[in-house]
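Descriptive analysis of the structure
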Amino acid sequence: AQSVSQHNHHVILSEAASLELGCNYSYGGTVNLFWYVQYPGQHLQLLLKYFSGDPLVKGIKGFEAEFIKSKFSFNLRKPSVQWSDTAEYFCAVNAPTNAGKSTFGDGTTLTVKP
Amino acid sequence: DTEVTQTPKHLVMGMTNKKSLKCEQHMGHRAMYWYKQKAKKPPELMFVYSYEKLSINESVPSRFSPECPNSSLLNLHLHALQPEDSALYLCASSQDRVRTQYFGPGTRLLVL
């Protein structure tokens, strides 16, 4: 069975601080990896994804993530956060050999203080 | 059009009621999903339809009954729900089961 672990449940930062949110997954085969964001009162939307190729992927709004296969990790980063980045962030894994079933991590609540 | 629409936005129902949630997409996606999300929790997969056939049922109680009338529509029929079924019900679609999922805004369900 696949699983996703997000280590930070609640992160509080000041504007312009750097962000790194941890995500580790457990699955023995090939995976597709995603970060989704849920802004207050809005629906889930994709930040970025990794399917194959360059393990450093860039997404919307200045976010990036690095896939490190040996560590089963897909951490999310942003060099300088803004107040508008306040949201819930979910890491998700999808295994093509597991009927395409997607599993989400528990989420990280990011609060950015102006 | 990259939108998944869901109706209704809010629904209050009693435990003996029968109601349906509707989801629609016009992106030509062939996989559609129902998730349940409780407050401050991640979405929990309920059902997956692939090419209009049910491919995953995550051991969901039979009081939830999905239906995929065509490639653009997905319904979730509700009957004899319990108060603990109160949650945000999310619909999503993707090009196929392993691609990026596009989520709708959800239906917020309250069971009294």
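Let me sum up the structure you'll find in this document. (Residues numbered from 1 in each chain as written. Chains lettered and ligands numbered in written order. Predicted model: local features only at pLDDT ≥ 70, side-chain atom pairs only at ≥ 80, totals over all residues. Heavy atoms only, no water.)

1. Topic: the pattern of salt bridges
Selection criterion: Salt bridge, as used here: a side-chain nitrogen of Lys or Arg that lies within 4 Å of a carboxyl oxygen of Asp or Glu. Starting at the N terminus, helices and strands are each numbered in turn, a helix being any DSSP run of H or I of at least four residues and a strand any DSSP run of E of at least two. Burial classes: relative accessible area under 20% of the type maximum marks a residue as buried, over 50% as exposed, and values in between as partly exposed (1.4 Å probe, protein chains only).
According to the stated counting rule, one finds 7 salt bridges over all chains in the structure shown. Measuring nitrogen to oxygen at the nearest pair gives 3.4 Å for the salt bridge that ties R77 of chain A to E64 of chain A. Of this pair, R77 of chain A sits in strand β9 (residues 73-78) while E64 of chain A sits in strand β8 (residues 64-68), and the two are 13 residues apart along the sequence. Using a relative accessible area of 19% as the deciding quantity, one classes E64 of chain A as buried. Among the ionic pairs, R63 of chain B bridges to D85 of chain B, the shortest N-O distance being 2.7 Å. Placement of the pair is R63 of chain B in the loop between β6 (53-57) and β7 (64-70) and D85 of chain B in the loop between β8 (73-79) and β9 (87-94), with a sequence separation of 22 residues. Judged by relative accessible area, R63 of chain B falls into the partly exposed class, the value being 24%. Look at D85 of chain B and you get buried, because its relative accessible area is 2%. If you follow the salt bridges from partner to partner, you end up with K58, E64, E66 and R77 of chain A in one network.

2. Digging into the packing of aromatic side chains
Stated formally: Aromatic pairs are defined between Phe, Tyr and Trp rings, using the six-membered ring for Trp, whenever the two ring centres lie within 6.5 Å; interplanar angles under 30 degrees are classed as stacked, those over 60 as edge-to-face, and all others as tilted.
Counted according to the given criterion, the structure contains 14 aromatic pairs over all chains. Taking the centre distance of 5.7 Å and the plane angle of 75 degrees together, the rings of F34 of chain A and F51 of chain A count as edge-to-face. One end of the pair, F34 of chain A, is in strand β5 (residues 32-38); the other, F51 of chain A, is in the loop between β6 (45-50) and β7 (56-58), and 17 residues separate them in sequence. The class for F51 of chain A is partly exposed, based on a relative accessible area of 24%. Where F64 of chain B meets Y89 of chain B, the ring centres are 5.8 Å apart and the plane angle is 35 degrees; that geometry is what we call tilted. You can see F64 of chain B sitting in strand β7 and its partner Y89 of chain B sitting in strand β9, a full 25 residues away along the chain.

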